[in-house]
Every structure is written in structure tokens, then in C-alpha cells.
Amino acid sequence: MFFELVYDKSLAQASYVIGCQAGGVAAVIDPKRDVDTYLEIARANNMKITHVLETHIHADFLSGSRELAKLTGAQMYLSDMGDKDWKYEFPHNKLKEGDHVKLGNLDFEVLHTPGHTPESISFLLTDNPATQEPVMLFTGDFVFVGDVGRPDLLEQAAGLKGTQDIGAAQMYDSLKTFNKLQDFIQVWPGHGAGSACGKSLGAVPVSTVGYEKIRNWALQLLADKAAFSKELLADQPEPPRYFAMMKKLNKVDRKLLTEVPKIENLNQKAFENAKKRGLKIIDVRTPEAFSKGFLKGSLNIPNTNTFSTWMGWYMDYDEFFVLIAEENEVEELTRKLMRIGLDNIQGYITPGQLADIEGKALEHYQAIDKKEVKQQLEKGTVQVIDVRGASEYKKGHIEGAKNLFVGKLDQNLDKVSRDKPVIVHCQSGGRAAIAYSLLRANGFDNVSNYAGGWEDWSSN
């Protein structure tokens, strides 16, 4: 058997290439959209990709199953579980509980594991003829290392009321089934630490059924369904706004993107035209670099592992935008964006071009420290905005601070004072920098960024 994990740090998303070396054939489970990665793996190992499998209709990334099938001629094997609202609307091989997908000497048994979503399935792999016992379980967003998939996304992100309680009950029943599996079976999940598909995912990429039985919090609560459901739904992170669009695009027929696009470097005239058209301008530099000279109206969303997630909070799928980025970053940024379907990049300019074009029109700011925050609070004329998530705020916050989560800040501008000085902060600076740029872009000029955040405030 051939096996390779492909891990996208930008979305904490795992996909898998599994092959039968005797037959020279391979399957990909839950592929990301820039599928050249899988083509290269198959080519390097003298294999042909013949099968593409998905564990469920994904909410956090745009699946590359159809791109991969188009390029390779592979057959798609997708869930046919769940009700009519959770059926894929394009041609594919339909899978139900108990079905088997054969790949040379390998056998994938389909287990229906609803809870995260109604149609979720897991793949139980047996490596014939080495053994008649299953050796791996590909769980998608069912069981993670130390956590389980959240059941509230359909309600919180897609607006389907009443679904989270049903999902919690289904997750409980699915875990009861999981608990009966042999302890030695390896568990390969769809996500790791940093994903918004759960609240406490582990950073280790693989586990076993036995380890999860003794370590995973959810499997410790199977004697009490009510306590399990309450804990499962409590303190989940805010689901990014783009999740609802991913659910739609992964379900319906859509335009395929079979290669990574080349993005144009805009000249001064083209950049000025983009500004006149009101296109959003996304500056991907670090907060420190941004603060030393930025274009008012631009959003500072740094090129980190969370770049695509924050872009998914703020961008509409029908709007074009411009990037401010170094040339050697553009392909990486394009890949991160295409993985969530944000394909409308009008072009980019470099920070050097920005300085040449805008010159003295660029604005500057300097982050403030704890001492200055305390002085402002003592005056009693400042509004402190804590842009962390609700669960973080609940654990501890600056007295009197208002909690407005950064991902929803653009929808809550009416709650930010235009009369008082405003101080924004988060845990350690990253989200506050985004919030600062967003407020400045929306006409809030008396804003300060407390970059140290709660981490600094709560320290001695």
C-alpha cells in the first residue's frame, strides 16, 4: 500500500493519497482545489489516480474532487446519505452505509457517521492481502485527534434553524458506533489544530481508536447524552462567513479551475483605475510593515496561515479585489484563495510600487502599550473594543471592554463610538491589526491598536 498525507496549513486541512502499488492505481480522499499536488505525487510514484472520495459536503474549503476527476478521468465516490437537502447535484458514484469501494488490493468500507453533517461518511480501509482486519479509518470531520466535529455549522453558518440539536444527537450515536471499533485502527482526520470545524483539535496528525477512547473528551461523555450535547455545543468558535458559500459550491455544479491562475502585476494606471472602481485593496504585509506606511481604505490581512480564513470573513464572492504583496508571495496567496473559491483577484502591486505610486499620501500608525491604555481608561473617555471570540472574552477581559468579534466587526460598526477615542485589542496582536485597518477604512480616524492585547494585559 502507498500512503501520503497532504496537509494544508492555511486551513489546517488534511487530504490523503492512498495507492495499490501492485495495480499502480491511487485514490485521493478530500482533495484541496489546487490539485497539481496530487498529480505530482502520482507521477513521482508511477501511479494513476482512478478514484476520488469525499467524506462529506465541506464547509471550510472548496473541494478539488471535480477538478481532479476532470484532469485524470477518475471516478468520484460521494455520500448518498442524509435527506434531499444534502445530495450532490452533479454526476458521481453514490455511496451508502455498508458499501465497499475497491482499489486494487485495497478495500474502503463506507460507514455513515452523521453529526457534523447529515451526509457525513467515514472510510474504513482494509489492506488485502496483508490482513483481513481494517487498518485505517478516514474520518473527515467526524472524529479529530482529541475532538469531534461541531454539529452547529448548518445553523450558525447556513441559517438552518434547529439543526444543531439534531446534529448533536446524531454525533452521540455515531460515536457509540466508533467506540465499538478495534483499538488498533489508525484514525486519520480531515483537520488539525487551527480549524474552525471543532473547538479543541489536536496538532498531532494521526491517532488510533484506542487512544481516542481514553483521551478524546467526547468519548468520555457517552454515558450521558444530555451532558454530551451541552458540552459539544458550548464555546464553539465563530464559524467564518464564507462557510455557507462553501456548502453551496461543494454541492452544486460550478465552474472548474484546473490550474493555478497567473495574477497580473498592475501598473500605476491600472491600480488607479481599480481604486476608482472601488475595489477592495488587501495589504498582506505584517502589521509592523503596514503601520509604517499604508493606503487608507486598504485592509491589512497578513499572509499567515489564517489569511484565507479572514479573507473568507470579509470578501463577497462576486467582487474583485487587489493584493498588495511581494511578487514571490503571489502564487502562494492565489492558492490559498482558490482553496475557498475566491478567484476574483484583479491583480497585485508590490509594497515598493505602493510607495512609488502613493508617496506621501501613505498613512502611518504606532501601536500603544499597556501604560497608555491604563492612562486612557483613567480619563474615562475611551471605548475599548475586544475583538476576540466570545468564548475568549468570557474567560477574561479588560474591565469595561466591549466584545465585538473581528470577523463580524464590519457588520457592527454602529456599535463603535465615533465620538470617543477607540482602542482595539485581541489576544496578542494579529486580529487587532486587522480590526484597526478595517475601522480606518470605514472612516474611524481616532483609533489606536493595543498590540500587546489580553496576553500582555493579563501578565504581571
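Look above for the structure.
Residues numbered from 1 in each chain as written. Predicted model: local features only at pLDDT ≥ 70, side-chain atom pairs only at ≥ 80, totals over all residues. Heavy atoms only, no water.

1. A look at the pairing of strand β10 (residues 134-140)
Then, in step 1: Counting buried residues in β10 gives six out of seven residues, a clear majority hidden from the surface.
Then, in step 2: Taken together, the four bridges between strand β9 (residues 121-127) and β10 define a ladder with antiparallel strand orientation. When the bridges of β10 are listed, L125 appears paired with M136. (Buried < 20%, exposed > 50% of the residue type's maximum accessible area, 1.4 Å probe, protein only. Helix = DSSP H or I, 4+ residues; strand = E, 2+ residues; numbered from the N terminus. Pairing = 2+ DSSP bridges.)

2. Overview of the sheet that holds strand β6 (residues 93-95)
Then, in step 1: Pairing is mixed in the open sheet, where six strands are placed in the order β1-β2-β3-β4-β5-β6. Pairing within the sheet leaves two strands with one partner each, and these edge strands are β1 (2-8) and β6. Taking each pair of neighbouring strands and ignoring which way they run, the sheet shows an average axis angle of 25°.
Then, in step 2: Both strand β3 (residues 25-29) and strand β4 (residues 48-53) contribute to a ladder of five bridges, which runs parallel. Directly across from V25, in β4, lies its bridge partner K48.
Then, in step 3: Strands β1, β2 (13-20), β3 and β4 of the sheet are contacted by helix α1 (residues 36-44), whose axis makes an angle of about 155° with β1.
Then, in step 4: Its contacts with the sheet place helix α2 (residues 65-72) against β3, β4 and β5 (75-79), and it is angled at close to 150° to β4. (Axes fitted to C-alpha atoms, helices over the stretch in contact; angles between N-to-C directions. Contact = heavy atoms within 4.5 Å.)

3. Quick notes on the side chain of N449
Then, in step 1: You can see N449 is positioned in strand β22 (residues 447-449).
Then, in step 2: Using a relative accessible area of 3% as the deciding quantity, one classes N449 as buried.
Then, in step 3: In this structure the side chain of N449 is engaged in a polar contact, spanning 3.4 Å, whose partner is the side chain of Y365.
Then, in step 4: Ignoring anything within four residues of it in the chain, the contact list for N449 reads Y365, A367, I368, V424, A432, A433 and Y436. (Polar contact = N/O pair within 3.5 Å; in protein donor to acceptor, adjacent residues only side chain to side chain.)

4. Some details on the sheet that holds strand β8 (residues 106-112)
Then, in step 1: Across the sheet, which stays open at both edges, the six strands sit in the order β7-β8-β9-β10-β13-β14 with mixed pairing between neighbours. A strand with exactly one partner marks an edge of an open sheet, and here the two such strands are β7 (100-103) and β14 (207-208).

5. A closer look at helix α15 (residues 430-441)
Then, in step 1: Over its 12 residues, α15 extends 17 Å from the first C-alpha to the last, a length consistent with the 16 Å expected when each residue adds 1.5 Å.
Then, in step 2: Looking at α15, one finds that the buried residues are R431, A432, A433, I434, A435, Y436, S437, L438, L439 and R440.
Then, in step 3: Looking at the buried side of α15, the elements it contacts are α9 (287-291), β16 (299-300), α10 (307-314), α14 (390-395), β21 (422-425) and β22. (Expected span 1.5 Å × (residues − 1).)

6. As for the environment of R418
Then, in step 1: When you line up the elements, R418 lands in the loop between β20 (402-403) and β21.
Then, in step 2: According to the relative accessible area criterion, R418 is exposed, its value standing at 56%.
Then, in step 3: In sequence terms R418 and D183 are 235 residues apart; their C-alpha atoms lie 59 Å from each other.
Then, in step 4: Those residues within four positions of R418 in sequence are excluded, and the remaining contacts are N442, G443 and F444.

7. As for the nonpolar core
Then, in step 1: I282, F307, M311, L323, V424 and L439 are the most contacted members of the largest nonpolar core, which totals 55 residues.
Then, in step 2: Of all the secondary structure elements, the ones that give two or more residues to this core are α7 (243-249), α10, β17 (321-324), α11 (330-338), β18 (345-349), β21 and α15.
Then, in step 3: Here this core takes seven residues from α15, the largest share from any one element.
Then, in step 4: Residues contacting I282, with those up to four places away along its chain left out, are L299, I301, F307, M311, M315, F321, V322, L323 and I324. (Core = buried A, V, L, I, M, F, W, Y, C linked by side-chain atoms within 4.5 Å.)

8. A short note on the pattern of salt bridges
Note on pairing: side chains with opposite charge can pair once their charged atoms come close.
Then, in step 1: Summed over the entire model, instances satisfying the criterion amount to 30 salt bridges.
Then, in step 2: In this structure, the salt-bridge partner of E272 is K275, at a minimum N-O distance of 3.4 Å. Taken together, the residues span about one helical turn, with E272 and K275 both in helix α8 (residues 268-276) at a distance of three residues.
Then, in step 3: According to the relative accessible area criterion, E272 is partly exposed, its value standing at 25%. (Salt bridge = Lys/Arg side-chain N within 4 Å of Asp/Glu carboxyl O.)

9. Some remarks on unusual backbone geometry
Then, in step 1: A cis amide bond, omega -5°, links N128 with the succeeding residue P129.
Then, in step 2: Counting through the fold element by element, P129 comes out in the loop between β9 and β10.
Then, in step 3: Even without glycine at this site, A12 takes up a positive phi of about 50°.
Then, in step 4: A residue is classified by how much of its surface remains accessible, and A12, at 3% relative accessible area, is buried.

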